[in-house]
Amino acid sequence: DELLAGGTDDNFIHLWNTQTGELINSLEGHSSDVRALSFSPNGETLVSGSNDGTVRFWSIALEN
């Protein structure tokens, strides 16, 4: 599965399946706008940066 991650001013990170357009998950943890996102090369970790001054690492586990 191919994923798209997006952060918005609601402090969440939203994950979509790019093949179906389905919203897969919404990640909550930042207390301000999410400003940066990057997947690890193996696609198993998502890193996010926020205006709250934190960087978070998210384990992304997908069932195949």
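An account of the accompanying structure is given in this report.

Parameters at a glance
Sequence order as written defines the numbering, with residues in each chain counted from 1. Totals for whole chains, interfaces and linings use every residue, but because this is a predicted model, local features are given only for residues with pLDDT of at least 70 and side-chain atom pairs only at 80 or more, for both listing and counting. As a rule here, side-chain values cover all heavy atoms of the structure and leave hydrogens and water aside. Secondary structure elements are taken from DSSP: a helix is a run of H or I of four residues or more, a strand is a run of E of two residues or more, and numbering for both begins at the N terminus. Pairs of N or O atoms within 3.5 Å make up the polar contacts considered here, provided that, within protein, one atom can donate a hydrogen while the other can accept it, and that residues adjacent in sequence are counted only when both atoms are side-chain atoms. Strand pairing follows a simple DSSP-based rule, namely that at least 2 bridges must link the two strands. Orientation is described by lines fitted to C-alpha atoms, with helices fitted over the stretch in contact, and by angles between N-to-C directions that extend from 0 to 180 degrees. We define the nonpolar core as a collection of buried residues of types Ala, Val, Leu, Ile, Met, Phe, Trp, Tyr and Cys that are connected through side-chain atoms lying within 4.5 Å of one another. Only protein chains enter the calculation, and the probe is 1.4 Å; a residue is then buried if its accessible area is under 20% of its type maximum, exposed if over 50%, and partly exposed in between. Contacts are assigned to residue pairs with any non-hydrogen atoms lying within 4.5 Å of each other.

What about the side chain of asparagine 17?
1) Next: With respect to the helices and strands, asparagine 17 occurs in strand β2 (residues 12–17).
2) Next: Among the polar contacts listed, one links the side chain of asparagine 17 to the backbone nitrogen of glutamine 19, at a separation of 2.7 Å.

Concerning unusual backbone geometry
Only a minority of non-glycine residues have a phi that is not negative, and only a minority of peptide bonds are not trans.
1) Next: Phi angles above zero are rare outside glycine, and asparagine 11 is one such case at about 75°.
2) Next: By the element assignment, asparagine 11 lies in the loop between β1 (3–7) and β2.

Let's talk about the sheet that holds strand β4 (residues 34–39)
1) Next: Across the sheet, which stays open at both edges, the 3 strands sit in the order β4-β5-β6 with antiparallel pairing between neighbours. One side of each edge strand has no neighbouring strand; the edge strands of this open sheet are β4 and β6 (55–59). Adjacent strand axes in the sheet meet at a mean angle of 20° when their direction is disregarded.
2) Next: Relative to strand β5 (residues 45–50), β4 is paired through 5 bridges, and the arrangement is antiparallel. Each residue of the ladder has a partner; that of serine 38, found in β5, is valine 47.

Topic: the nonpolar core
1) Next: One finds Leu3, Ala5, Ile13, Leu15, Leu27, Val34, Leu46, Trp58 and Ile60 forming the largest nonpolar core, which totals 9 residues.
2) Next: Of all elements in the fold, only β1 and β2 reach the threshold of two or more residues within this core.
3) Next: Excluding residues that lie within four positions of it along the chain, leucine 15 makes contacts with Leu4, Ala5, Glu22, Leu23, Ile24, Asn25, Leu27, Phe39, Leu46 and Ile60.

Remarks on the sheet that holds β1
1) Next: Spatial ordering of the open sheet is given by β1-β2-β3, a layout of 3 strands whose pairing is antiparallel. Whereas interior strands pair on both sides, the edge strands pair on one side only; in this sheet they are β1 and β3 (23–28). Within the sheet, the average angular offset between the axes of one strand and its neighbour, ignoring direction, is 20°.
2) Next: Note: β2 against β3, 5 bridges, orientation antiparallel.

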